[in-house]
Amino acid sequence: MLALFHAFSMKCTQIQRAIKLGDDELVGSLDRELEPLVTAILAYKATSLLEMYMQLQFMSNLIREESDDRSRVVRNSASLSSLIDRYFGGASEAAAEVLMAFSTEKNEHVGEVAGFDEDNVLNDVILDSLPDRVAVITRDYRYLYSNAANSEFLESKPIELVGRHLSEFIGPERFENSVKIKLDACFAGETVDCLYPAYRPAEANKTLHCRMTPLRATKSRGEVIGALLVVHEVGVVPANMLVA
């Protein structure tokens, strides 16, 4: 499934480049190549909770991205309904488990992020209104969710980020030497706070704070299935205080 998401993301990147070049013919050609990928993603039968959520989130993002095309919205909504029927088939308990799986355990850290609590799933409307960058990272270090602020920072659409590895955006060295260690601690059940310098030249004088909070499956309340990342700027901090 990750290969399909990656292919879709790369095709979207090619379309954006063609748009910037003003090559309408190429844009049309690439756009037609997206349809088989969407069909393949929809046809894929998920084998895990995370894969189910990725498919559902993908279709939800697709509906939002194509909201100005009524025929596509109708078609994509029907596809989303078919996914729900495929996996849940009216089994409300199973549906509730998947939808609740990405709630965090109730504590003082989670309370700082609107849209996450013990009784709610990801609320795109609330999270997209936040100035902070919010993302959900799976245990294999890939994006499962990204709010509007984080997607804009990464110069990508939310739908293009699902399934992509974190190292693609921060670099393999930074990932291996710093971020991976902190994510592993989060996956082990810790809430991790860290400061680090912004890695883009245009933000050379900025320092960011990142809080990583474990996301747990609902039923077990013990199995960590991912990490909720919340990032915001804290201004200039002395170099000896940076921990990432």
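Before reading further, recall that the structure is shown in the block above.
What this report covers is the structure whose coordinates are included nearby. Since this is a predicted model, take the numbers as computed values, not measurements. (Residues numbered from 1 in each chain as written. Predicted model: local features only at pLDDT ≥ 70, side-chain atom pairs only at ≥ 80, totals over all residues. Heavy atoms only, no water.)

1. Side note on the overall build of the protein chain
Secondary structure summary: the protein chain contains 10 helices and five strands in total. Burial statistics for the protein chain: of 244 residues in total, 46% are counted as buried. Of all intrachain contacts in the protein chain linking residues separated by at least 6 positions in sequence, the fraction that spans at least 24 positions is 53%. A total of about 12300 Å² of accessible surface is found on the protein chain, and carbon and sulfur atoms cover 54% of it. (Helix = DSSP H or I, 4+ residues; strand = E, 2+ residues; numbered from the N terminus. Buried < 20%, exposed > 50% of the residue type's maximum accessible area, 1.4 Å probe, protein only. Contact = heavy atoms within 4.5 Å. Areas by Shrake-Rupley, 256 points an atom, 1.4 Å probe, with all protein chains shown as cover.)

2. Some details on the pairing of strand S2 (residues 143-146)
Note: strand S1 (residues 133-138) against S2, three bridges, orientation antiparallel. Opposite Val-136, over in S2, you have Tyr-145 as the bridge partner. Linking S1 to S2, which pair antiparallel, is a turn of four residues; within it Tyr-141 sits at a positive phi near 65 degrees. (Pairing = 2+ DSSP bridges.)

3. Some details on helix H10 (residues 172-187)
For H10, which comprises 16 residues, the first-to-last C-alpha distance of 19 Å sits more than 12% below the rise-based estimate of 22 Å (1.5 Å per residue). Within H10 the residues assigned to the buried category are Phe-175, Ser-178, Val-179, Lys-182, Leu-183, Ala-185, Cys-186 and Phe-187. Downstream of H10 by a residue or two, Gly-189 has a phi angle that is positive, lying close to 115 degrees. (Expected span 1.5 Å × (residues − 1).)

4. Brief notes about the environment of Cys-210
Its place among the elements puts Cys-210 in strand S4 (residues 207-216). Apart from the residues lying within four places of it in its own chain, the contact partners of Cys-210 are Val-192, Asp-193, Cys-194, Tyr-196, Leu-229, Val-230 and Val-231.

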